[in-house]
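# Summary of structural features
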Amino acid sequence: LDKSTLYTAVTEHTSPDQITERAPSGCYITGLYLEGACWNIPKSCLVKSPPKVLIDELPILRVIPIEAHRLKLVNTFRTPVYTTSDRRNAMGVGLVFEADLATEEHISHWVLQGVCLLLNTD
């Protein structure tokens, strides 16, 4: 387990009804919300949010377990996934895992925007 990590890939599916078969490895996750950016489905990457749009629903995310030494990420932002928009709970814990989101912008752009994924919108 020490040598393994999670790799994530955003699918083109926006509804669980569109998935017809099980993932060959890993699982699918639905119900994640993107804060600080939007997801462009045709380009499969992060894009800037339109004005006055704070939270955008992410298409279905596929989570794949992989050995850490096999994972090579390029043009990818390791996005933190939090339980709430407070980014922590009463005990100071809120980080669940980090998701890999494709980007055409430099990673520092998304860090400065405060981009993260949320499990619920409060």
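Residues numbered from 1 in each chain as written. Predicted model: local features only at pLDDT ≥ 70, side-chain atom pairs only at ≥ 80, totals over all residues. Heavy atoms only, no water.

## Focus: the sheet that holds strand β6 (residues 55-57)
The sheet built from 5 strands is open, its strands ordered β6-β3-β10-β8-β9 with mixed pairing. Of all strands in the sheet, those with a lone pairing partner are β6 and β9 (95-102), marking the two edges. On average, each strand axis in the sheet is inclined to that of its neighbour by 35 degrees, with strand direction left out of account. When strand β8 (residues 76-82) meets strand β10 (residues 116-118), the two strands line up parallel, connected through 2 bridges. (Pairing = 2+ DSSP bridges. Helix = DSSP H or I, 4+ residues; strand = E, 2+ residues; numbered from the N terminus. Axes fitted to C-alpha atoms, helices over the stretch in contact; angles between N-to-C directions.)

## Side note on the environment of Asp-122
Here Asp-122 shows up in the segment after β10. Of the residues examined, Asp-122 reaches a relative accessible area of 61% and is grouped as exposed. Once the C-alpha coordinates of Asp-122 and Ser-85 are considered, the two residues, 37 residues apart in sequence, prove to be 7.0 Å apart. Here Asp-122 is in contact with Thr-84, Ser-85 and Asp-86, once residues within four sequence places are set aside. (Buried < 20%, exposed > 50% of the residue type's maximum accessible area, 1.4 Å probe, protein only. Contact = heavy atoms within 4.5 Å.)

## Quick notes on the sheet that holds strand β1 (residues 4-10)
Read across the open sheet, the 3 strands follow the order β1-β7-β2; overall the sheet is antiparallel. Of all the strands in the sheet, just β1 and β2 (27-29) have a single pairing partner and so form its edges. Recorded for the sheet is a direction-independent mean angle of 35 degrees between the axes of neighbouring strands. With 3 bridges connecting them, β2 and strand β7 (residues 61-67) associate as antiparallel partners. Bridging from a neighbouring strand, Cys-27 pairs with Val-63 of β7.

## Focus on the pattern of salt bridges
Taken as a whole, this structure holds 3 salt bridges when the rule is applied. The closest approach of N and O atoms between Lys-43 and Glu-104, which form a salt bridge, is 3.2 Å. Taken together, the residues Lys-43 in the loop between β4 (38-40) and β5 (45-47) and Glu-104 in the loop between β9 and α1 (107-113) connect sequence positions 61 residues apart. We classify Lys-43 as partly exposed; its relative accessible area is 46%. Taken together, the salt bridges that share partners define one network made up of Arg-78, Glu-98 and Asp-100. (Salt bridge = Lys/Arg side-chain N within 4 Å of Asp/Glu carboxyl O.)

## Examining the nonpolar core
Here is a general trend for soluble globular proteins: nonpolar side chains tend to be buried in one another's company. Within the largest apolar cluster, 17 residues are counted, with the highest numbers of intra-cluster contacts made by Leu-34, Trp-39, Leu-46, Leu-58, Leu-61, Leu-101 and Leu-117. For this core, the elements supplying multiple residues, two or more each, are β7, β8 and β9. Counting residues per element, this core draws most heavily on β9, at 3 residues. Once you skip the residues sitting within four places of it in the chain, Leu-58 turns out to touch Val-10, Leu-32, Tyr-33, Leu-34, Trp-39 and Leu-117. (Core = buried A, V, L, I, M, F, W, Y, C linked by side-chain atoms within 4.5 Å.)

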